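This is what each chain is made of:
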Amino acid sequence: MKHGKTSLAFLLAFASAGCMDFEGLDGERPMSTHVQDWRNEIVYQVMTDRFANGDYANDYRVVENAPARYHGGDYRGIEENISYLDDLGVTALWISPIVKNVETDAGVDGYHGYWTQDFTQLNPHFGDLLSLRRMVDKAHERGMKVILDIVVNHVGQVFYYDINLNGQPDERVAGTGPLVAPTRPDGSATSPVSHVNEYDPDYDPRGVQAWTSLGEAGPAPVVFVFDPESNHLPPEPAIFQQPKAYNRKGRVWDWNVPEQVRLGDFPGGLKDLNTEDPEVRQALIDVFVRWVELTDLDGFRIDTLKHVEHEFWKTFAPAVRQRLAAKGKTNFFMFGESFDGDDKLVGSFTFGDEVDSVFYFPQYYTVIRDVFQQNGATKKIEDLWNQRLGQNGNYGTVPQPGGIGIPPNKALVNFLDNHDVGRFLFFKNDPAALNNALLFLLTEDGIPCLYYGTEQGFAGGNDPSNREDLWRSGFNQKHPQYEWVRRLARIRRSYPALTHGDLKVTWASDRTGSESDAGIFAFERTGGDAGNAYALVVLNTNSSHESSTEFSGAGMTVQAGNGASLVNVLDPNETVTVGGDGKLSVSVPASSGKLFVRSADLIPGL
Amino acid sequence: MCYPPRNMKLGARSWGALLAVELVAGTAFGQPGAAPPDTTPPPATGPTEVEEPKPETESSKAEAPAEPAPRPERDVPRGKVPAVLGPVRVEKAKLDYPRSSFSFGSYGRVVVASDGRGGEGRSADVVAYGSRIDETSYAELELRRDDEWEADLSSRVVTTLALGGPLFHYDGKFDAKVAVRNLYLEERGIGDKGLSAWAGSRMYRGDDIYLLDFWPLDNLNTVGGGVRFDTRDDHSFVAWHIGLNRADDPFQYQVEKRAAPLNQPGTADVAILDRPRVISSLKLSHIEPLFGPNGGVKAVLWGEVHRLPSGERQKQPGVLEEVPGDSGVLVGGQVGLFTGEHDTFVNLFVRHGRGLAAYGELATPEGTSPERTVEGATQTLIGLSGNYENHPFGVVVGGYFRTFREPTPEKFNINNVDEGIFVARPHVFLGDHAGVAVEGSYQAQQRGVLNIATNRPLHARLWRFGLIPYLSPSGAGVFKRPVLRAILAFTQRNDDARALYAYDDNFARRKVEQFYGIGAEWWFNSSSYGK
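The rules behind the values
- Residues numbered from 1 in each chain as written.
- Chains lettered and ligands numbered in written order.
- Predicted model: local features only at pLDDT ≥ 70, side-chain atom pairs only at ≥ 80, totals over all residues.
- Heavy atoms only, no water.
- Contact = heavy atoms within 4.5 Å.
- Salt bridge = Lys/Arg side-chain N within 4 Å of Asp/Glu carboxyl O.
- Polar contact = N/O pair within 3.5 Å; in protein donor to acceptor, adjacent residues only side chain to side chain.
- Helix = DSSP H or I, 4+ residues; strand = E, 2+ residues; numbered from the N terminus.
- Nonpolar A, V, L, I, M, F, W, Y, C, P; charged D, E, K, R; others polar.
- Pairing = 2+ DSSP bridges.
- Expected span 1.5 Å × (residues − 1).
- Buried < 20%, exposed > 50% of the residue type's maximum accessible area, 1.4 Å probe, protein only.
- 1 Å grid on protein atoms, 1.4 Å probe; cavity = no way out; pocket = protein on both sides within 12 Å on 5 of 7 lines; lining within 4 Å.
- Points joined across faces, edges and corners; volume = space filled by probe spheres on them.
- Patch = residues over 30% accessible without salt bridge, like charges linked within 9 Å, V, L, I, M, F, W, Y side chains within 5 Å.
- Areas by Shrake-Rupley, 256 points an atom, 1.4 Å probe, with all protein chains shown as cover.

Enquirer: Before we go on, may I ask you to explain the interface of chain B and chain A in this structure?
Expert: A common way to state how big an interface is: give the accessible area lost once the parts meet. With 45 residues of chain B at the contact, the number on the chain A side is 41 residues. Counting every contact that joins chain B to chain A gives 2 salt bridges. Among the salt bridges present, the one from Glu64 of chain A reaches Lys315 of chain B, with a minimum N-O distance of 2.9 Å. Summed over the shared surface of chain B and chain A, the number is 8 residue pairs in polar contact (both at pLDDT 80 or more). Of all the elements in the fold, those that place two or more residues in the side of chain B that touches chain A are strand S12 (311–316), strand S15 (345–355), strand S16 (378–390), strand S17 (393–405), strand S18 (417–429), strand S19 (434–451) and strand S20 (456–471) of chain B. Residues belonging to the side of chain B that touches chain A are distributed by class as follows: 21 nonpolar, 14 polar and 10 charged.

Below you can see the structure in the form of structure tokens.
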């Protein structure tokens, strides 16, 4: 009987009870800076649930044919398709919020990630920490960055206001006031009836009030829900289980009132956080810095930026930068979403220690919608840009201390569409117009951001129709839009004028009809950090006829140099020569564009 | 006592001869109503003999071992015939058969325990097959009918009802769980007298690790049948079996409502997916007598093949998805030594399964490959059991190490496990009818996840110490039953062991668990064994 050796082997095996190789994904994560210059980056917005399903084991409650339910996408799916993204030419992945959400509410799932329930845990639908780390590592190996979407303005539907003081969440139906017209057929008056949903009552500047038929009864108690099945649970960390962590004023119903916008709950019962409370601020700093420490992420995309006061950002942003820099991570990019066409408002968050950049929503409305989709006058583009390019513009001209080292007005995040608006092709079903808009996006200054699915010609309408499953496209790398984006991305990264050059409008037009320059918009990229590099972009946004850079005898003046020979990168057979007077005439077919560089600078094969 | 059928008319001589045969038979079998000639093979290795089915509370839990088998005898020994009748030459074919007997057997354990903090004593194990010191109540009631039709041709009907808790006297409700375990007929002595066959529902098992309530090598619970051939010396046999089972899980079975046929109002339940798993096994066993008249060496080779056909499943209302077929193979072996004295033995088990066979026969996978199969799943296990007695002392040990991997593309998931346990339970026999046992065990489990609180791989560990004083009316011995016993156990669990429990669960908070229980365990005539 060989007891000795067998028993020893047993004991050793039992004592260790571990043969798994965690491939270095466990333990502390050393952080480092993976970005040299954010102007070199092309951001790609990934809706994690809808990109690729790489692991069926986390597919619980998946209902693929319901747009507002979980579909199964996860970090593993992103990792497995990283080459698709690398080939496309994007360099920074903006992923959905990673924190645990309210699972489902009123038949809609938290697949998008904007319904935080637990800031300290990951959303298990997308994978665990090992899976997230490995995806980030794989991205970094290819020189790609990962940007985390964060929400500090609100959490999910974690409590209700017990307005009728009956201890349960309900929709109260009650008569609300004096008799008013119209009268009934018999001539008697009617009384309006209101429906008050205790999860989502109207904004009240005093705070949501309890009331009965006998009158108001003081502030409505906040009652946290406890339903593990739907993950309606008191939030974590513990500070968020205290009523003082919330503003408790009810849902925004007038978006023109700044106080409501800042303090009101988001529609759908999303509870607004009291970001003026020091403990809340500190908790938010701690939780999101921790996620970077755990995963070595490269930036934050900040949701609902304008709904949080400036003082919060002046605390949050510097604290994040300092703590990450102390651990080796600098150049950490923080840019926010201020879903508003008010250029001054949007830009106001780029001054004085706040965020590095914002989404250029004013450009989305004024340029993408009005000009590229609705054939508006290109003069609007010039007018809008003039509001940011000057020293007294609406956007910061000084880099944030400890930030990305680029003035905000030159680092705006430009986009054609996103998860909150219908896709470009939904509003204008014209692939040529889309291609033209992509040319605009990938040649202007700032940082381009591409919404997933654009490269596959997706055309979904508003949420949730614009959140299609990318895997249904088969990740077709022969799709015309994919090939076009890939080409433009390579061009952008190859010509420093397009990433670093200053911007100057050389032609814009008020005309949108049959005029010779109707729809023309042209701009140069040169100087600045690009030095002598030069690029000239000429776009024709009208979809009905060819236009050119002249009108009534006036021509376009460029800085390329008198007599300079320029070649169209998009069609190297086309060359033009700048006149002795510095003028250049370029004709562009409808819904198309041209990109000129000095002939000597042409890089063949792009 | 066996008598001819009532309608058979016998003369006085025939009745006298019958009486003589009864007396002879009584001498051979000891008492009226005893079982027919036992044709079981040579002694088993200790108390963990083949084919001693035991109940399970879960498919992975093993139950009590069987009693040691008596030395088998093929031929009925001839005894003296009472002088009053003189020697009688009996024609067996006419007078001895058919003979029948009925027997009742049972395995059972009852326990009630406190955690020392006002709560119920709970099992604190983290590994799949943990120490049974803190197990719950369970019982099997077994009824057997044995018939001997001719010389060496017999049949046996075995029915075993399993009863799980909770007990009525504990919760005041009629909610105990009942399951039919054995329900089969076995025929022995077909054709070549070494051949036997069976069909029905059967706990088809080999040797267990008693301390873990676990059958590490062969343990199949199916409804099917099998054949077995024993060599003339009863030292070797080969057994083949095939069976089906179908877990009530969307992996194998799904029922959805459809409109009733013939345009009738209402709905009809339709099995959209119905795919039983087919399992076939082959066992080769040999015992070589050594170490004295009752000792020996035992070697077993074991193999399983699993097959699951393809099917179709409703993924969502109106959406069907293909479910591919699956298969798996398992091989294993056992080497054992036994002295035949005082239940002293040691067994070493090895088992490796792939694909569907990496899962227990009633288990359903949680994670699959991208092709929605379990191809690529693996499970490897090494097990040990043993007992040594040198009165007044004895020690029983058990343990295993197991590694399991799911076939998911995500390499790290919570179901990927490396785990092991080692348990030792020394006894001191106090006279012939009492004793004290102490138990020490260590178990550890690593799962393919990080404990996010520590940022380290989850590595749960438990140390346990127990004290079991008992009364044993049947005599001194580790496996003597019945026993009345008290159980005191203390379990220390590390942070990762606590992390396995949900928030608000006491096990998520407490470092040390206590278990104070009283109970009993018995087994007798629990099941037929041998062929």
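Enquirer: Just checking my understanding: could you explain the sheet that holds strand S24 (residues 554–557) of chain A for this structure?
Expert: Residues and elements named next belong to chain A. Strand order in the open sheet formed by 3 strands is S23-S24-S27, with antiparallel pairing between adjacent strands. Looking at strand neighbours, the two that pair on one side only are strand S23 (550–551) and strand S27 (583–584), the edges of this open sheet. Bridging between S23 and S24 involves 2 bridges; their strand directions are antiparallel. Bridge pairing in S24 links Phe551 to Ala554.

Enquirer: For this particular structure, what's the right way to read the side chain of Gln373 of chain A?
Expert: In this structure, Gln373 of chain A sits in helix H10 (residues 361–373). In this structure Gln373 of chain A touches Ile368, Phe424, Phe427 and Lys428 of chain A, once residues within four positions along its chain are discounted.

Enquirer: I tried to follow helix H7 (residues 278–295) of chain A on my own but got confused; where do I start?
Expert: Structurally, the α-helix is built with 3.6 residues per turn, so residues lying three or four positions apart point the same way. Residues and elements named next belong to chain A. Given a rise of 1.5 Å per residue, 18 residues ought to cover 26 Å, and the 26 Å separating the end C-alpha atoms of H7 matches this to within 8%. When H7 is considered as a whole, its buried residues turn out to be Val280, Arg281, Ala283, Leu284, Ile285, Val287, Phe288, Val289, Trp291, Val292, Leu294 and Thr295. For H7, the secondary structure elements touched by its buried residues are strand S3 (99–101), strand S6 (116–122), helix H5 (129–141), strand S7 (145–150), strand S14 (299–302) and helix H8 (310–326). Its side-chain oxygen 2.7 Å from the backbone nitrogen of Glu279, Asp277 forms the N-cap of H7. Downstream of H7 by a residue or two, Asp296 has a phi angle that is positive, lying close to 65°.

Enquirer: Sorry if this is basic, but what is going on with the pairing of strand S12 (residues 215–219) of chain A here?
Expert: Residues and elements named next belong to chain A. Of the strand pairs in this sheet, strand S11 (residues 209–212) and S12 are connected by 3 bridges, and their pairing is antiparallel. Bridge assignment links Trp211 to a residue of S12, and that residue is Glu216. Linkage of S11 to S12, two consecutive antiparallel strands, is achieved through a turn of 2 residues.

Enquirer: Help me understand the sheet that holds strand S16 (residues 357–358) of chain A, please; the structure alone is not making it clear to me.
Expert: What holds strands together in a sheet is hydrogen bonding between their backbones, with the strands either parallel or antiparallel. Residues and elements named next belong to chain A. Spatial ordering of the open sheet is given by S16-S15-S14-S7-S2-S1-S18-S17, a layout of 8 strands whose pairing is parallel. A single partner strand is all that each edge strand has here, and the edge strands are S16 and strand S17 (413–415). Strand direction decides the pairing type here: strand S2 (residues 92–95) and S7, joined by 4 bridges, are parallel. Bridge pairing in S7 places Trp94 opposite Ile147.

Enquirer: What should I look at first to understand empty space enclosed by the protein in this one?
Expert: Where empty space is left can be seen by rolling a probe of water-molecule size over the atoms. Residue and element names in this part refer to chain B. A complete count under the given rule lists 11 cavities of 30 Å³ or more for this structure. Around the largest cavity, the lining residues are Tyr210, Leu211, Val396, Arg425, His427, Ala437, Ile468, Tyr470, Val478, Arg481, Val483 and Arg485. For the lining of the largest cavity, the class distribution of residues is 8 nonpolar, 1 polar and 3 charged.

Enquirer: So what exactly am I meant to see when it comes to a nonpolar patch on the surface here?
Expert: All names here are of chain B. Nonpolar side chains collect at one region of the surface, where Phe102, Phe104, Leu141, Leu143, Leu161, Val178, Val180, Leu183 and Phe524 lie side by side and expose about 810 Å² of accessible area between them. Among the secondary structure elements, those contributing two or more residues to the nonpolar patch are strand S1 (99–114), strand S2 (138–150) and strand S4 (177–190). Here the nonpolar patch gets 3 residues from one element, more than from any other, and that element is S4. Accessibility expressed as a relative area gives 40% for Leu143, which makes it partly exposed.

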